[in-house]
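Secondary and tertiary structure notes
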Amino acid sequence: MQNLDAAATEKAVATIRMLAVDGVEKANSGHPGTPMALAQIAFEIWMRELRYDPKAPSWPDRDRFVLSCGHASMLLYSMLHLSGYELSLDDLKQFRQWGSKTPGHPEVHLTPGVETTTGPLGQGISNAVGMALALKMRAARLGADLVGARVFGIASDGDLMEGVSGEASSIAGHLGLDNLIFFWDDNKITIDGETDLAFSEDVRKRYEAYGWATWAIDGHDAGQIQKALAEAVALSGKPKLICAKTRIGIGAPTKENSSKAHGEPLGAAEVKGTKEKLGWPTDQTFYVPAGVYELFSARAAEGRATREAWEAKMAALPQTNPEAAALWQKISAREVPADILNELCKAAPQKDAATRVSAGVVEQRAAALVPSLVGGSADLNPSTKTFIEGSPTIMKGSFEGRNIHFGIREHAMGAIVNGIGLTEGFIPFGSTFLVFADYMRPTIRLAALSEIQSIFVFTHDSLYLGEDGPTHQPVEQVWSLRLIPNVDVVRPADALECAAAWAHALGRRKGPTVLSLTRQNVPPLDRPTGFDNTVMLRGGYVLSDAESPTVVLVATGSEVSLAVAAKPLLEARGERVRVVSMPCVEAFLRQDDAYRASVLPPGIPRAAIELGVTTPWRAIVGTDGLVIGHDGFGVSAPYKVIAKELGFVPEAVAATVRAWRKGPEA
């Protein structure tokens, strides 16, 4: 590492601060105070420890830097720009503007060098736990000498107030993730004022109770930062939290240590005063003094040399360790066999079974074919059927396995799954009951925004959960997930559709997939002779047809067999019924007009059947169509009683369709 004299360091830190101030001021929007406070810490991390190469921002063994307090995004953008990433000074000047690479909060799919999308507080540090876990798992597979990557980050007071960070930090401590090093920006300021309005616990003791090693430092003292950072890097066996006291808006004449420096531009007079105190040119904006770029360039060159040395080791791996080389080739590409659908269809059990059971059987075959597949449940493996057989459980000091016990921490599970998905080598899943997707919604939304291949397996997916009652019975959850952009929700009707659901999830690289699975048994569905399994991947298809149909029944999941059973009852009264299974509404709506019209011919009345909220189905059946669903909460009772009482039996469905078809005079 290059020698850094005090004057050069001071100049570089001032540059980081003022780039952030100028970016917020030009946008007339943003958060200047936190980047000002954290500039010294960020500089020390990047200059003394972080291994990166701006010319290869995604090389697999790089260190990760996670800015959990995404509102301080100008800090990260300033660091990326100065370090030589593909982020120009003009990009900084376009902060928070339409079409820029510098949005208000960092977005991983948009800006080179950003490791995860942050902004909703608590998510970044929780994603970082997933990244650190994934790197431990990679090292267990390839060898520690080939995996040197670590995860560094900064979290704010607000991050550590959010419950998800506590859940994830508890898991990190339990697993002893010593490749995870975070600074806590203890500036004691929030939007409302000082943190003691609502936050008075001893955070350091809390993290020590989680199993973390901790330090307490002055976040503006370079020597203290360096000492704590070096000790944290050297310590093994525990994740590390460096509690850094900082002054928000440091250097601002009247707004330092004030909530006024948090969420609004400093203002022209305050910016001028800040620059004068620093000895900074007041007649220039986005000023980078001589020597600063060179300082960062030298550090980037060190990272480049580290990358090249790692790449040389990897190039020799086929000779030194052919088995590890072959595994890395598969997992680094998240390799999925081209014939995955056919392979999984062959594994699908052809018998009456809950789709959670059928999907579990299919998952075992998927795991055998796709070594990247890893995951677990929130203490519900016996119910969700997702434990990968023949593979051990991940535990502290033992990361060879593929099964993760998340404990009863659904929110953290989602965030950790996303962190694993952002780290080369793995396709992660998390599982729980569908109703508890509500605990995970922010992480599912961020997976969609970030285009992460996360898989969420949700079982007990309707009121048919039964006796546990309305607290556990989903009603609105399936549609609430469908309404998130870039989320594919797959609700399979039988074992064959479970195979298609897993094939869909494994093949979908640019967003999360939700599997919605039953608790109760469903029968295997009869399909036409010569049925093409690939049609299931189109989201909706004709399962059972009639010549010149007079009505189309569209159903999902457990209601497909109900529609099939209602068909002969309707046909006995003169209807000609087509039954359409629509396991994935999103995939169906992506099909071309011709295909959609071939499944749902214009002009033929449509009825949708799904045991949940009804209003969104109007987009499929139209205003004149029929939706058979349920818009209230459930009730504690055996599922067959619920079905009868709510009219979800063939005779009642047929009667409802007949009444609708007869019109108002019926």
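Here goes a summary of the coordinates provided. (Residues numbered from 1 in each chain as written. Predicted model: local features only at pLDDT ≥ 70, side-chain atom pairs only at ≥ 80, totals over all residues. Heavy atoms only, no water.)

Looking only at helices and strands, the protein chain features 25 helices and 18 strands. In summary, the protein chain has a C-alpha radius of gyration of 28 Å against a globular reference of 26 Å for 666 residues, a match within 12%. Referenced to the eigenvectors of the C-alpha coordinate spread, the extents of the protein chain come out at roughly 90 × 60 × 45 Å. Out of the 666 residues in the protein chain, the part that is buried amounts to 62%. (Helix = DSSP H or I, 4+ residues; strand = E, 2+ residues; numbered from the N terminus. Rg over C-alpha atoms; globule rule 2.2 N^0.38 Å. Buried < 20%, exposed > 50% of the residue type's maximum accessible area, 1.4 Å probe, protein only.)

In terms of residue burial, strand E3 (residues 180-186) counts as a mostly covered element, since seven of its seven residues are buried. What you see with E3 is no split at all: Leu180, Phe182, Trp184 and Asp186 on one side and Ile181, Phe183 and Asp185 on the other are buried throughout. Alignment of strand E2 (residues 151-156) against E3, held across six bridges, turns out to be parallel. Bridging from a neighbouring strand, Val151 pairs with Leu180 of E3. (Pairing = 2+ DSSP bridges.)

In a regular helix each residue adds 1.5 Å, so 14 residues correspond to 20 Å; helix H17 (residues 437-450) covers 18 Å between its end C-alpha atoms and thus fits that length. The largest bend along H17 measures about 35° and falls at Thr443. Among all positions of H17, only Ala437, Met440, Thr443, Ile444, Leu446, Ala447, Ala448 and Ser450 are buried. Tucked into the core, H17 has its buried residues touching helix H5 (123-142), helix H16 (410-421), strand E9 (427-433), strand E10 (455-459) and helix H18 (477-482). Trailing H17 by a residue or two, Glu451 shows a phi angle of about 60°, which is positive. (Expected span 1.5 Å × (residues − 1). Bend = angle between axes of the 7 residues up to and from the residue. Contact = heavy atoms within 4.5 Å.)

So, on to the pattern of salt bridges. The tally for this structure, following the rule as stated, stands at 39 salt bridges. Taking the shortest distance from any N to any O, the salt bridge between Asp53 and Arg307 comes out at 2.5 Å. Placement of Asp53 in the loop between helix H2 (33-48) and strand E1 (64-67) and of Arg307 in helix H11 (residues 292-320) is noted, with a sequence separation of 254 residues between them. Residue Asp53 is classed as buried on the basis of its relative accessible area of 0%. (Salt bridge = Lys/Arg side-chain N within 4 Å of Asp/Glu carboxyl O.)

Helix-helix packing: each pair is described by the crossing angle between the helix axes and the interaxial distance. It is the contact of helix H14 (residues 355-369) with helix H19 (residues 495-507), at a shortest axis distance of 9 Å, that shows an interaxial angle of 50°. Classified by the angle their axes make, H14 and H19 are oblique. Crossing of H14 against H19: the hand is right-handed. When H14 is examined against H19, the residues Thr355, Ser358, Ala359, Val362, Glu363 and Ala366 are found in contact with a partner set consisting of Ala495, Cys498, Ala499, Trp502 and Leu506. Among the residues forming the contact of H14 with H19, the class breakdown is eight nonpolar, two polar and one charged. (Axes fitted to C-alpha atoms, helices over the stretch in contact; angles between N-to-C directions. Parallel < 35°, antiparallel > 145°, perpendicular 65-115°, else oblique. Left-handed = near helix turned anticlockwise from the far one by under 90°. Nonpolar A, V, L, I, M, F, W, Y, C, P; charged D, E, K, R; others polar.)

Take the sheet that holds E10 next. On the basis of which strands lie adjacent, the open sheet formed by six strands has the order E8-E7-E9-E10-E12-E11 and parallel pairing. The open sheet is flanked by strand E8 (403-405) and strand E11 (488-490), the only strands paired with a single partner. If you compare each strand with its neighbour and ignore which way they point, the axes differ by 20° on average. Pairing geometry for E10 and strand E12 (residues 513-516), over four bridges, is parallel.

Turning next to the packing of aromatic side chains. Scanning all chains against the criterion turns up 18 aromatic pairs. Relative to Phe436, the ring of Phe433 lies with its centre 6.1 Å away and its plane at 10°, an arrangement referred to as stacked. Judged by its relative accessible area of 8%, Phe433 falls in the buried class. Given a relative accessible area of 17%, Phe436 falls into the buried group. One aromatic cluster in this structure is built from Trp46, Tyr52, Phe65 and Tyr85. The aromatic ring of Phe531 is capped on one face by Arg527, whose charged end is 5.5 Å from the ring centroid. The ring of Tyr595 has Arg538 sitting right over it, with the charged end atom 3.8 Å from the ring centre. (Phe/Tyr/Trp six-rings, centres within 6.5 Å; stacked < 30°, edge-to-face > 60°. Lys NZ or Arg CZ within 6 Å of the ring centre and 35° of its normal.)

In this structure, Ile45, Trp46, Leu133, Ile154 and Phe183 are the most contacted members of the largest nonpolar core, which totals 112 residues. Top contributing element to this core by residue count: H5, with ten residues. Excluding anything up to four places from it in sequence, Trp46 contacts Tyr52, Phe65, Leu76, Met79, Leu80, Ser83, Tyr85 and Arg299. (Core = buried A, V, L, I, M, F, W, Y, C linked by side-chain atoms within 4.5 Å.)

With that settled, the discussion passes to the environment of Met314. In this structure, Met314 sits in helix H11. What makes Met314 buried here is its relative accessible area of 12%. Put simply, Met314 and Trp328 are 14 residues apart on the chain and 9.3 Å apart in space, counted from C-alpha to C-alpha.

A few words now on the pairing of E1. Residues Arg64 and Val66 of E1 are buried on one face, and the alternating residues Phe65 and Leu67, pointing to the opposite face, are buried as well. Summarising the sheet, E1 and E2 pair through four bridges and their orientation is parallel. Looking at the pairing, Arg64 lines up with Val151 of E2.

Across the sheet, five strands lie side by side as E14-E16-E15-E17-E18; this open sheet has mixed pairing. Taken across any chain shown, the strands that pair with only one partner, and hence form the sheet edges, are strand E14 (541-544) and strand E18 (626-628). This sheet shows a mean twist of 30° between the axes of neighbouring strands, independent of strand direction. Direction of pairing for strand E17 (residues 606-609) relative to E18: parallel, over a ladder of three bridges. Counted as the bridge partner of Ala608 is Val627 from E18. With respect to the sheet, helix H20 (residues 559-571) is in contact with E14, strand E15 (551-555), strand E16 (577-581) and E17, its orientation differing from that of E16 by roughly 175°.

Turning to its location among the elements, Glu575 is positioned in the loop between H20 and E16. Separated by 2.6 Å, the side chains of Glu575 and Thr550 make a polar contact. Sequence-distant contacts of Glu575, that is, excluding residues within four places in its chain, are made with Thr550, Val551, Leu570 and Arg661. (Polar contact = N/O pair within 3.5 Å; in protein donor to acceptor, adjacent residues only side chain to side chain.)

The next point concerns the environment of Asn28. With respect to the secondary-structure elements, Asn28 resides in the loop between helix H1 (6-27) and H2. In the structure, Asn28 is positioned 98 residues away from Ser126 in sequence and 30 Å away in space, judged by C-alpha atoms.

Right, let's talk about the state of the cysteines for a bit. Taken as a whole and assessed by the stated rule, the structure comprises zero disulfides. Among the cysteines around Cys69, which has no disulfide bond, Cys243 carries the closest sulfur, lying 14 Å off. Exposure remark for Cys69: the relative accessible area of 0% places this residue in the buried category. (Disulfide = S-S within 2.5 Å.)

Limitation: the analysis is restricted to geometry and does not speak to function.
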